[in-house]
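If you want the building blocks of each chain, they are given just below.
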Amino acid sequence: MLVTAMAILLLSACGSNNDASSKSSGGNGGTKASGDKIYIPIISKGFQHQFWQAVKSGAEKAATEFNVEITFEGPETEAQVDKQIEMLQAALDKKPSAIGFAALDSQASIPLLQKAKDAGIPVIAFDSGVDSDIPLTTASTDNVAAAALAADKMAELIGGTGEIGVIVHDQTSVTGVNRRDGFVNRIKEKYPDIKIVDIQYGGGDHLKSTDLAKAMMQAHPNLKGFFGSNEGSAVGIINAVTELKKEGQITIIGFDSGKAQIDAIKSGVMAGAITQNPVGIGYETVKAAVEAIRGEKVESTIDTGFYYYDKTNIENDEIKAVLYE
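The structure displayed is predicted, hence computed values, not measured ones.

Brief notes about the layout of surface pockets
Inference 1: Put simply, the largest pocket is a space of about 290 Å³.
Inference 2: Residue assignment for the lining of the largest pocket shows that the elements contributing at least two residues are β5 (137-140), α5 (143-157), α6 (174-190) and β11 (301-303).
Inference 3: Residue classes in the lining of the largest pocket are distributed as six nonpolar, twelve polar and three charged.
Inference 4: By volume, the second largest pocket is sized at about 180 Å³.
Inference 5: Every residue lining the second largest pocket is counted, 13 residues in all, and those nearest its centre are Gln-48, His-49, Gly-204, His-206 and Gly-232.
Inference 6: Looking at which element gives the most residues to the lining of the second largest pocket, the answer is helix α8 (residues 231-243), with three residues.
Inference 7: Taken together, the residues of the lining of the second largest pocket sort by class into two nonpolar, eight polar and three charged.

Some words on the sheet that holds strand β9 (residues 251-255)
For sheets, the rule is that strands pair by backbone hydrogen bonds, running either parallel or antiparallel.
Inference 1: Pairing is mixed in the open sheet, where six strands are placed in the order β7-β6-β8-β9-β10-β12. Looking at strand neighbours, the two that pair on one side only are β7 (194-201) and β12 (307-310), the edges of this open sheet. With direction set aside, neighbouring strand axes in the sheet form an average angle of 20°.
Inference 2: In the sheet, strand β6 (residues 162-168) pairs with strand β8 (residues 223-228) via five bridges, with the strands oriented parallel. Paired with Gly-165 across the strands is Phe-226, a residue of β8.
Inference 3: Relative to the sheet, α5 contacts β6, β7, β8, β9, β10 (272-275) and β12, its axis offset from that of β9 by approximately 165°.
Inference 4: Strand contacts of helix α7 (residues 206-219): β6, β7 and β8, with the helix running at about 160° to β6, the strand carrying the most contacts.

Describing the sheet that holds β5
Inference 1: Read across the sheet, six strands follow the order β2-β1-β3-β4-β5-β11 without closing on themselves; strand pairing throughout is parallel. Of all the strands in the sheet, the pair left with one neighbour each is β2 (69-73) and β11. Across the sheet, the mean angle separating the axes of adjacent strands is 20° when strand polarity is ignored.
Inference 2: Relative to β5, strand β4 (residues 123-126) is paired through three bridges, and the arrangement is parallel.

Observations concerning the side chain of Glu-231
Inference 1: Topologically, Glu-231 is positioned in helix α8.
Inference 2: Salt bridges are absent for the buried Glu-231, whose nearest opposite-charge side chain, Arg-179, sits at 9.3 Å.
Inference 3: Dropping the residues within four chain positions of it, Glu-231 is found in contact with His-49, Gln-50, Phe-51, Phe-255, Asp-256, Ser-257, Gly-258, Gln-261 and Tyr-324.

A closer look at the packing of aromatic side chains
Inference 1: What the rule picks out here adds up to six aromatic pairs.
Inference 2: Aromatic side chains Phe-51 and Trp-52 sit 4.9 Å apart centroid to centroid with 80° between the ring planes, which places their arrangement in the edge-to-face category.
Inference 3: On the basis of relative accessibility, which here comes to 4%, the residue Phe-51 falls in the buried class.
Inference 4: According to the relative accessible area criterion, Trp-52 is buried, its value standing at 2%.
Inference 5: An angle of 5° between the planes, with centres 4.4 Å apart, marks the rings of Phe-183 and Phe-227 as stacked. Of this pair, Phe-183 sits in helix α6 while Phe-227 sits in strand β8, and the two are 44 residues apart along the sequence.

Structural notes on the environment of Thr-210
Inference 1: With respect to the helices and strands, Thr-210 occurs in helix α7.
Inference 2: Judged by its relative accessible area of 5%, Thr-210 is buried.
Inference 3: Considering only alpha carbons, one finds Thr-210 and Gly-236, 26 residues apart in sequence, at a separation of 4.0 Å.
Inference 4: Residues in contact with Thr-210, not counting those within four places in the same chain, are Gly-236, Asn-239, Ala-240 and Glu-243.
Inference 5: Within the structure, Thr-210 has its side chain in polar contact with the backbone oxygen of His-206 (distance 2.6 Å).

Some words on the confidence of the model for the protein chain
Any region with low pLDDT has predicted coordinates that should not be read closely.
Inference 1: The pLDDT averaged across the protein chain works out to 90; a share of 89% of its residues lies at or above 70.
Inference 2: Per-residue pLDDT stays below 50 along residues 1-34; that stretch engages in 36 contacts with residues further than four places along the chain or on separate chains.

Re the nonpolar core
Inference 1: Grouped together as the largest cluster of nonpolar side chains are 30 residues, with contacts concentrated most on Ile-40, Ile-42, Val-55, Val-68, Ile-70, Phe-126 and Val-286.
Inference 2: Counting residues per element, the ones that place at least two in this core are β1 (39-43), α2 (50-66), β2, β4 and α10 (278-293).

What to know about empty space enclosed by the protein
Taking a probe equal in size to a water molecule and rolling it over the atoms shows the remaining empty space.
Inference 1: The full count for this structure, using the stated rule, is one cavity of 30 Å³ or more.
Inference 2: When its volume is computed, the largest cavity comes out at roughly 80 Å³.
Inference 3: Every residue lining the largest cavity is counted, 13 residues in all, and those nearest its centre are Phe-51, Trp-52, Arg-179, Asn-230 and Asp-256.
Inference 4: Every element with two or more residues in the lining of the largest cavity is listed here: α2 and α6.
Inference 5: For the lining of the largest cavity, the residue count by class is two nonpolar, five polar and six charged.

Quick word on the pairing of β1
Inference 1: The buried fraction of β1 is high, at five of five residues.
Inference 2: Side-chain alternation along β1 places Tyr-39, Pro-41 and Ile-43 on one buried face and Ile-40 and Ile-42 on a second face that is also buried.
Inference 3: Strand direction decides the pairing type here: β1 and β2, joined by five bridges, are parallel. Looking at β2, one finds that Ile-42 is bridged to Phe-72.
Inference 4: Note that the unit made of β1, α2 and β2 has a crossover that is right-handed.
Inference 5: With two bridges connecting them, β1 and strand β3 (residues 99-101) associate as parallel partners. Its bridge partner being in β3, Ile-42 is matched across the sheet by Gly-100.

Cut-offs used in this document
- Residues numbered from 1 in each chain as written.
- Predicted model: local features only at pLDDT ≥ 70, side-chain atom pairs only at ≥ 80, totals over all residues.
- Heavy atoms only, no water.
- 1 Å grid on protein atoms, 1.4 Å probe; cavity = no way out; pocket = protein on both sides within 12 Å on 5 of 7 lines; lining within 4 Å.
- Points joined across faces, edges and corners; volume = space filled by probe spheres on them.
- Helix = DSSP H or I, 4+ residues; strand = E, 2+ residues; numbered from the N terminus.
- Nonpolar A, V, L, I, M, F, W, Y, C, P; charged D, E, K, R; others polar.
- Pairing = 2+ DSSP bridges.
- Axes fitted to C-alpha atoms, helices over the stretch in contact; angles between N-to-C directions.
- Contact = heavy atoms within 4.5 Å.
- Buried < 20%, exposed > 50% of the residue type's maximum accessible area, 1.4 Å probe, protein only.
- Lys, Arg positive; Asp, Glu negative; His and termini not counted.
- Salt bridge = Lys/Arg side-chain N within 4 Å of Asp/Glu carboxyl O.
- Phe/Tyr/Trp six-rings, centres within 6.5 Å; stacked < 30°, edge-to-face > 60°.
- Polar contact = N/O pair within 3.5 Å; in protein donor to acceptor, adjacent residues only side chain to side chain.
- pLDDT = per-residue confidence, 0-100.
- Core = buried A, V, L, I, M, F, W, Y, C linked by side-chain atoms within 4.5 Å.
- Right-handed = clockwise from strand over helix to strand, strands pointing away.

Put into structure tokens, the structure is as follows:
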């Protein structure tokens, strides 16, 4: 009798383990220890900007819809590549079902992402991809096209001639490189009378970007315009122009949204900006992860769209839906 009872208990335990592993990808044990839900950690490029909070809200919306458990984290600043790598390692140690990752450095994370692939953990890139085919897809804005549109708007507003400066959040992430090159190349190709006098990198930090923009204005007193490649870069430019009392003299085109940029556009300090669809980015990242876990086909790229907004359309329903404060 005792032997029979033990055998029944052993069979029951084996059946429970099989049920748990069927909810993860490739039998990698990707359910969270605290429950039966599929677990998907999301590692972003940062946490402090309102943009990332909007991405987080989209990811949480998808997590609720698809009944999965997520965590969302990122380093304190977008210059902390090493900290982000540590977060990625910690996430992989939990043996998740899939992982969402927005790389601060397009190459530094590749060894860890290869470990994820070898372990059967699908990788979904978002916002910034990596120099590798390891991610099954990347949910992001077409940053080259978006920055090119920003260049067209700049040229239109300054009359197709003059000196301009560029503040970029970094030169290691795909978004930083693509937004810089999309803007710079469009100016060079279409507007020969516009001169880009300097390109500086502020790490997405508004204080550092403020100092860089002020230095650029002082070195180039005839500067007619600035392009800021993300929220922190643009806010830094706004601050610099305001502190040096150059409002109305320098045209500012930004990227992303946030209260400071929205207020600057409404007040006339900033001419306009490109907004992404951050809620959509977060949602599509989790959705793609769930599809990968289920063994469904995932498109190689997920274009989440972009819009240009200024005083003329900032109150339109289509624009208001993708702005965030």
